[in-house]
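Here is how the chains run, residue by residue.
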Amino acid sequence: MTERFSEPYRGYDVLDKWDTPSFNDQTRRVLRGRMDPPPRRFFSDTEWRVLLSLCARAMPQPERPDPVAIAPFIDADLHAGRGTGMRRADMPEPGAAWRRGLAALDAEAVARHGRGFADLDGPAADAILRAVDSGDLADPAAWEGLPAQRFLRETALKHIVSIYYSQPQGMSEIGYGGPASPRGYVRLGTDRIDPWEAPHGQWPDR
Amino acid sequence: MSAGAVSHVAEDRPRATGGRAPDVFSRSGWVPMREHALGDEVDFAIVGSGCGGAVLATKLAEAGHSVVMFDAGPFWRPLSDFASDEREQDKLYWLDPRLSDGDDPLEFGANNSGRNVGGSTTHFQMVSLRFRPDWFKSRSKLGYAVDWPVDWREMWRYYAEAERAMAISGPISYPWGPKRGRYPYREHEVNAAGLVLARGAEALGVAWAPTPLATVSAPRGKSPPCVYRGMCKIGCSTNAKQSMLVTYIPRALAAGAEIRDLAMVGRIDTGPDGRVTGVEFHRDGGWHVQKARNVVVAGYSIETPRLLLNSACGRYPNGLANGSDQVGRYLMVHSNHAVWSEMDEEIRWYKGPPSMACCEHWNYDDDDPSRDFHGGYSFMSQGPLPGDFAGTLVTATGAFGLDLRERMARYNRMAGLKIVGETMPQADNRVTLSDEKDGFGLPRARITFGYCDNDRRLYRHSLRFMSRMLQAAGGHDLLETSSTAHLMGGCRMGSDPETSVTDANGRSWEIPNLWICDGSLMPTAGGVNPALTIVANAARIGDRIVAMGRKGTI
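Everything numeric in this text was worked out from a predicted model, so none of it was measured. (Residues numbered from 1 in each chain as written. Chains lettered and ligands numbered in written order. Predicted model: local features only at pLDDT ≥ 70, side-chain atom pairs only at ≥ 80, totals over all residues.)

A.B. asks: Help me out: how do you make sense of the overall build of chain B in this one?
C.D. replies: Helix and strand content of chain B: 12 helices and 20 strands. Taken over C-alpha atoms, the radius of gyration comes to 22 Å for chain B, in line with the 24 Å a tight globule of 554 residues would show. Taken along its principal axes, the extent of the C-alpha atoms in chain B is 65 × 60 × 50 Å. Among the 554 residues that make up chain B, the fraction classed as buried is 62%. Taking the contacts inside chain B whose residues are at least 6 apart along the sequence as the reference set, 74% of them involve residues at least 24 apart. (Helix = DSSP H or I, 4+ residues; strand = E, 2+ residues; numbered from the N terminus. Rg over C-alpha atoms; globule rule 2.2 N^0.38 Å. Buried ≥ 20, exposed ≤ 12 C-beta atoms within 10 Å, placed from the backbone. Contact = placed C-beta atoms within 7 Å.)

A.B. asks: Help me understand the sheet that holds strand E17 (residues 443–448) of chain B in this model?
C.D. replies: What links the strands of a sheet is backbone hydrogen bonding, and the strands pair in either a parallel or an antiparallel sense. The 4 strands lie next to each other as E1(A)-E5(B)-E17(B)-E16(B), forming an open sheet whose pairing is mixed. Where the open sheet ends on each side, the last strands, each with one partner, are strand E1 (86–88) of chain A together with strand E16 (430–437) of chain B. On average, each strand axis in the sheet is inclined to that of its neighbour by 35°, with strand direction left out of account. Strand direction decides the pairing type here: strand E5 (residues 98–101) of chain B and E17(B), joined by 3 bridges, are parallel. Each bridged residue has a counterpart across the sheet, and for B:Leu99 the counterpart in E17(B) is B:Arg446. Along the sheet, helix H7 (residues 300–310) of chain B contacts E5, E16 and E17 of chain B; its crossing angle with E16(B), the most-contacted strand, is approximately 65°. (Pairing = 2+ DSSP bridges. Axes fitted to C-alpha atoms, helices over the stretch in contact; angles between N-to-C directions.)

A.B. asks: Any chance you could explain H7(B) here in plain terms?
C.D. replies: Along an α-helix, residues three or four apart share an orientation, since each turn contains 3.6 residues. Counted residue by residue, H7(B) has 10 buried out of 11 residues, so it is predominantly covered. Among all positions of H7(B), only B:Tyr300, B:Ser301, B:Ile302, B:Glu303, B:Thr304, B:Pro305, B:Arg306, B:Leu307, B:Leu308 and B:Leu309 are buried.

A.B. asks: Please clarify how the packing of helix H5 (residues 122–133) of chain A against helix H6 (residues 148–164) of chain A should be interpreted in this entry.
C.D. replies: Packed helix pairs are characterised by how far apart their axes lie and by the angle those axes make with each other. Residues and elements named next belong to chain A. Between H5 and H6, the shortest axis-to-axis distance is 7 Å and the interhelical angle comes to 115°. One finds that H5 runs roughly perpendicular with respect to H6. On the side of H5, the interface is formed by Leu129, Val132 and Asp133, while H6 contributes Ala148, Gln149 and Leu152. Looking at side-chain class alone, the contact of H5 with H6 contains 4 nonpolar, 1 polar and 1 charged residues. (Parallel < 35°, antiparallel > 145°, perpendicular 65-115°, else oblique. Nonpolar A, V, L, I, M, F, W, Y, C, P; charged D, E, K, R; others polar.)

A.B. asks: Please explain the interface of chain B and chain A as it appears in this structure.
C.D. replies: It is common to give the size of an interface as the accessible area lost on bringing the parts into contact. Between chain B and chain A, the contact holds 59 residues from the first and 52 residues from the second. Those elements giving two or more residues to the side of chain B that touches chain A turn out to be helix H2 (78–81), E5, helix H5 (192–204), helix H9 (386–397) and helix H10 (401–409) of chain B. Top element by residues in the side of chain B that touches chain A is H10(B). It accounts for 7 residues. Looking at side-chain class alone, the side of chain B that touches chain A contains 24 nonpolar, 16 polar and 19 charged residues. The pairing of E1(A) with E5(B) spans 3 bridges and is classified as parallel. Among the inter-strand pairings, A:Arg88 is bridged to a residue of E5(B), identified as B:Ser100.

A.B. asks: Got a minute to help me understand the nonpolar core in this structure?
C.D. replies: One broad rule of soluble globular proteins: the nonpolar side chains tend to lie buried together. Ranked by size, the top nonpolar core spans 216 residues in total, and within it B:Ile46 and B:Val535 carry the most contacts. Excluding residues that lie within four positions of it along the chain, B:Ile46 makes contacts with B:Gly53, B:Leu56, B:Ala57, B:Val67, B:Met69, B:Phe70, B:Val296 and B:Ala298. (Core = buried A, V, L, I, M, F, W, Y, C linked by C-beta atoms within 7 Å.)

A.B. asks: Help me understand the pairing of strand E3 (residues 42–47) of chain B, please; the structure alone is not making it clear to me.
C.D. replies: The two faces of the sheet receive side chains in turn, since in a regular strand these alternate between them. Residue and element names in this part refer to chain B. Of all 6 residues that make up E3, 5 are buried, and the element is covered over most of its length. As paired elements, E3 and strand E10 (residues 286–297) share 5 bridges and run parallel to each other. If you follow Ile46 over to E10, its bridge partner there is Val296. Bridge analysis of E3 against strand E4 (residues 67–70) gives 4 bridges, and the strand direction is parallel. Along E4, the bridge assignment pairs Ala45 with Val68. Read from E3 through helix H1 (residues 53–62) to E4, the crossover connection turns out right-handed. (Right-handed = clockwise from strand over helix to strand, strands pointing away.)

A.B. asks: Which parts of the structure should I look at to understand the pairing of E17(B)?
C.D. replies: Residues and elements named next belong to chain B. The pairing of E16 with E17 spans 5 bridges and is antiparallel. When the bridges of E17 are listed, Thr432 appears paired with Arg446. Here E16 folds back onto E17, and the loop between the two strands holds 5 residues, one of which, Gly441, carries a positive phi near 85°.

A.B. asks: Looking at this model, I keep getting lost on the packing of H5(B) against helix H11 (residues 453–472) of chain B. Mind explaining?
C.D. replies: Residue and element names in this part refer to chain B. Relative orientation of the contacting elements H5 and H11 amounts to 100°, with a least axis distance of 8 Å. The pairing of H5 with H11 is recorded here as roughly perpendicular in orientation. Every residue of H11 that contacts H5 at Gly200, Ala201, Ala203 and Leu204 is listed here: Arg468, Met469, Leu470 and Ala472. Within the contact of H5 with H11, the residues separate by chemical class into 6 nonpolar, 1 polar and 1 charged.

A.B. asks: Is there a simple way to explain H6(A) in this structure?
C.D. replies: A rise of 1.5 Å per residue sets the reference length of H6(A), with its 17 residues, at 24 Å; its end C-alpha atoms lie 22 Å apart and thus fit the reference within 8%. Of all the bends found along H6(A), the most pronounced is centred on A:Leu157 and spans about 35°. (Expected span 1.5 Å × (residues − 1). Bend = angle between axes of the 7 residues up to and from the residue.)

A.B. asks: Is there a simple way to explain unusual backbone geometry in this structure?
C.D. replies: Peptide bonds are mostly trans, and most non-glycine residues show a negative phi. Here the residue pair A:Ser181 and A:Pro182 is connected by a cis peptide bond, since its omega of 10° sits within 30 degrees of zero. Tracing the backbone through its elements, the reader meets A:Pro182 in the segment after helix H7 (168–173). The phi dihedral of B:Met126 is positive, around 75°, even though this residue is not glycine. Relative to the helices and strands, B:Met126 resides in the loop between E5 and helix H3 (138–142). Non-glycine residue B:Tyr330 carries a positive phi angle of around 60°. Relative to the helices and strands, B:Tyr330 is located in the loop between H7 and strand E11 (332–335). The class of B:Tyr330 is buried, set by 29 C-beta atoms lying within 10 Å.

A.B. asks: Help me out: how do you make sense of the confidence of the model for chain B in this one?
C.D. replies: In low-pLDDT segments, the atomic positions of the prediction should not be examined closely. Residues and elements named next belong to chain B. Looking at chain B as a whole, the pLDDT averages 97, with 99% of positions reaching at least 70. Confidence drops under a pLDDT of 50 for residues 1–7, and excluding neighbours within four residues, the segment shows 4 contacts in the predicted structure. The complex model carries a pTM of 0.97, and its ipTM stands at 0.98. (pLDDT = per-residue confidence, 0-100.)

A.B. asks: Can you help me understand the environment of B:His36 in this one?
C.D. replies: Residue and element names in this part refer to chain B. With respect to the element layout, His36 can be found in the loop between strand E2 (30–32) and E3. Through-space distance from the C-alpha of His36 to that of Gln290 is 9.1 Å; in sequence the pair is 254 residues apart. If we skip the residues at most four places from it in the chain, His36 touches Val42, Ser66, Val68 and Glu258.

What follows is the structure, given as structure tokens:
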């Protein structure tokens, strides 16, 4: 099991381009609006604790004293009723799916360990997520018909990663170019990089 | 006050009002727009402003007809409205839910549905391929599906017109299909992600090509050349992309068409003689009626059938143009299966349009012994943005934790190949109305979809082939994923009123002044991205309606 993030692009920060032609006003406005996490308005206290734990297991950031916030943005999306364009007929609407899914995760933890999901240590929480993903449910009734794997992958994880990789830290750690307008890129060929891109990454196998 | 000094937010209030519409080539400017009173009976009310509506509105207005075109979404100025940000740019998609069921429920939103003036072309990936000529007679010539009521040579002329109108940048010599003239603009330099496809194709002995793309490789009017920022799927902020918004829409306005943004059409009205009389639309907080001599539905494969079904009345209890129970049926998508691999080099697939190299080998090779399916598929190199790719990873694998972060850390070393795979038209793949209502009180669409055996054989074949190709190109640690893209059919045109909704001119069999002009007309899906075909077909229909108008036979 991986214990720490390898940081192939350590030192690279897309925000260093803030005052360059890679950023325009509307993009600065969007990123500025994302700097401060919005207040919680959708989830209950109990749901919130489970959500924070889920985000921490989905996107652990042990190398960061101040991890990128994810949960507040999920809460804000659900509060705003932000849609995705579709809903499978066997899924409730996103807010209800989240509430039911978080309650079910908590029930899985209680059924296995006698305490809530937020009170588990990392390995125990991860084991529950893997079990849920493979359909091995300790408390199937708690899911109330919610397809467990679909909730985990398509409702929860997909939402979590969309938020994480929209934050400058998420973009920077993978060496992505980040905002690029009006200036785009010039060097398109293999292993070629423009001076305003991340330097070549450092990997053990290369 | 200084007009336009403070531009209001496009999502909140209509912009095309007061005799002017946004100048899409400016940050806050305007162009004049002709306006019609609600009580004026205009020649054509067109519902939808994408590849179907925008092209048709242009043709009709340029021929002197009075036209009002409606779109449910905003009227953007890309230079000031489009950010370099995946989450922000969700605003381009149709995000109101559709209910999805069936054996293989479809996804909707980013992959197939726009909601703004210009339709899905504000976020399409600009791949502009022609149908193989035989596909217009796939039943007669290839033994599957149905024939189009149109001759390929006629379509071929309109493809050339569409390619000129959208200034397609493509190779001088295209390896597949009949000889064609050169593309209007020179091909783009192929990025590293495309060169992976090229290397693999050469290793396997099949042809490849720089993808013909609707983004300019040199200046064109007020469009600057593409700067390869790679965010085509979330909206082009420089106007290099030749979307409907910056090509046909300005032409339509200049020719006198009126556009109503943030105007959701909820119903088509009919008169005592059974003809349509106009449309009911919601704008600026209330419902209004626009009178029209003809109504054209151009809302694409979900909204077009939805509107026809939602317009049911005493005379047409099952919806308009639905006397043969064909509205909403034969909905098709493209299978969008992909193989991804790690490469030893840094590819940095975020640079440039996402699909700069393509392969149509399996659209044209009928004789290979491995071919175990009808229809065809093309495939292209890939360049998903981080959030998009991370979503693909978690959906396909369930990865989370540091394992997921490490996989994403390989983002710059990934390459991928993804198909545009033909699916067969099936009567039970269809759009119906659900019991749920949207914010306008209109029943939401329910979409039922399932692959047939042929569809599955096709995408399985593609996964085997693309895996071999990626390995031949040096890829390792392969991952296969499944998804769908595009919409076709749902109100198909044909030669028989019993098995189609409209004739070859897009005129509904049932109501002579009700027309359809969008991708829902397509009887088959083909193995290429549909936008260019929808534009060409709309241009063809436009010319036919204009000709009928001159003869007095509309």
